[in-house]
Amino acid sequence: MLKLFGTTAYKMTEQRNTLTMDYNVRTRHSFSEPTISVCIPTYRGKHLSKAIESALNQTRKANEIIVIDDCSPDNIKAIVFPYIKHGVIYTRNQKNQGVPANYNIALKHATSDYVMLHGDHDILLPTFIEHAADILDKNDNVGFVFWSTTTINEYGASVIEYRNKFPSVMRGIEVARLIVTSASIPMTLDCLIRRKALDKLEPWFDPSYGWYADHYLWLRLSTQWDVGFVEEPITMRRNYEDGHYLSDKGWYMHSICKRIREENWHLAYPNPSIASIR
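Procedures and definitions
- Residues numbered from 1 in each chain as written.
- Predicted model: local features only at pLDDT ≥ 70, side-chain atom pairs only at ≥ 80, totals over all residues.
- Heavy atoms only, no water.
- Helix = DSSP H or I, 4+ residues; strand = E, 2+ residues; numbered from the N terminus.
- Contact = heavy atoms within 4.5 Å.
- Salt bridge = Lys/Arg side-chain N within 4 Å of Asp/Glu carboxyl O.
- Buried < 20%, exposed > 50% of the residue type's maximum accessible area, 1.4 Å probe, protein only.
- Phe/Tyr/Trp six-rings, centres within 6.5 Å; stacked < 30°, edge-to-face > 60°.
- Patch = residues over 30% accessible without salt bridge, like charges linked within 9 Å, V, L, I, M, F, W, Y side chains within 5 Å.
- Areas by Shrake-Rupley, 256 points an atom, 1.4 Å probe, with all protein chains shown as cover.
- Pairing = 2+ DSSP bridges.
- Polar contact = N/O pair within 3.5 Å; in protein donor to acceptor, adjacent residues only side chain to side chain.

Q: If you had to explain the environment of Tyr103 to someone new, which residues and values would you point to?
A: Structurally, the position occupied by Tyr103 is in helix α3 (residues 101-109). With 108 residues separating them in the primary sequence, Tyr103 and Trp211 have C-alpha atoms 9.9 Å apart. Beyond its immediate chain neighbours, meaning those up to four positions away, Tyr103 contacts Pro41, Leu117, Leu189, Phe205 and Trp211.

Q: Give a description of the pattern of salt bridges that names residues and reports values.
A: Counted under the stated rule, the structure contains 14 salt bridges. With a closest N to O distance of 2.6 Å, Glu262 and Lys258 form a salt bridge. Taken together, the residues Glu262 and Lys258, both in helix α7 (residues 250-268) and four residues apart, mark about one turn of the helix. Judged by relative accessible area, which is 52%, Glu262 ranks as exposed. Within this structure, Glu33, Arg60 and Asp137 form a network of salt bridges that share partners.

Q: Account for the packing of aromatic side chains, with residues named and values stated.
A: Here the structure, examined in full by the defined rule, presents eight aromatic pairs. For the pair Phe146 and Phe229, a centre-to-centre distance of 4.9 Å together with 50° between the ring planes defines the contact as tilted. Of this pair, Phe146 sits in strand β8 (residues 142-147) while Phe229 sits in strand β13 (residues 226-230), placing them 83 residues apart in sequence. Among the aromatic residues, those joined into a ring-pair cluster are Phe146, Phe166 and Phe229.

Q: Can you explain a nonpolar patch on the surface? Please cite residues and give values.
A: Taken together, the side chains of Val159, Ile160 and Tyr162 define a hydrophobic patch exposed on the protein surface, amounting to about 280 Å² of accessible area. Within the secondary structure layout, Val159 lies in strand β10 (residues 158-162).

Q: For the sheet that holds β10, give the residues involved together with the corresponding values.
A: Spatially, the four strands line up as an open sheet ordered β7-β14-β9-β10, and their pairing is mixed. Edge positions in the sheet fall to β7 (123-124) and β10, since each has one partner strand and no second. Pairing geometry for strand β9 (residues 149-152) and β10, over four bridges, is antiparallel. Each residue of the ladder has a partner; that of Thr151, found in β10, is Ile160.

Q: So what's going on with the side chain of Ser54? Which residues, and what values?
A: Positionally, Ser54 belongs in helix α1 (residues 48-56). On the basis of relative accessibility, which here comes to 8%, the residue Ser54 falls in the buried class. Reaching out from Ser54, the side chain makes a polar contact with the backbone oxygen of Ala51 at a distance of 2.9 Å. The contacts of Ser54, once residues within four sequence positions are left out, are His118, Asp122, Ile123 and Leu124.

Right, dumping it as structure tokens:
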């Protein structure tokens, strides 16, 4: 076993391939395109297999898929075990870190040119990497990419499609102003990020903002980089199941997001004037 960033990384082998799909993580030297890391921080394993399979089953392959187990009671290692043969990496924190500390640990494991966090109960559609990474490939000025999405229920049935209308590349300052003037924002945790855009921004996920620390990260990135967008829904976001910590805490989301806007307004409007907020 290997020690990485205060976690334990297990390298496991499996004698027999029990999967019926033909997919594998690609090695760093097997293709010339920028490399991609998909990090899956997890605590509950109910939908984890679907999340991993969707990351593997991509038309443009990731070169790393890493599952970061935050001391789950669900025996995450056993859930991940069948996918080790396909290149998936499993790590377990030495003690429970919680959100968002586990998000920061996850990104520290990523070694690729493009990195992302993938929710352990969500689904990446097969062309997800192909579409999202293409924008980063073609636009060196873009720091991260977000997209339209479809929400699904606990059983995988579609609930509602959120299809936004934005240009494929937007001025970052305009996105920053959208974030600080909107009650909700169109991007979610699983944006694809240019790794070098994260330089000097640690901690990427500020612990003081809890489960919604990603909003603050997108705001800071938007003040330094332009932002990409894929209009086609390329992910499926699962609604919180009954009993999830956030399932009945809409008030918590609004409270934290309001704080983020109020405390960081100056990042989007460094020299406020009547003209600047029109």
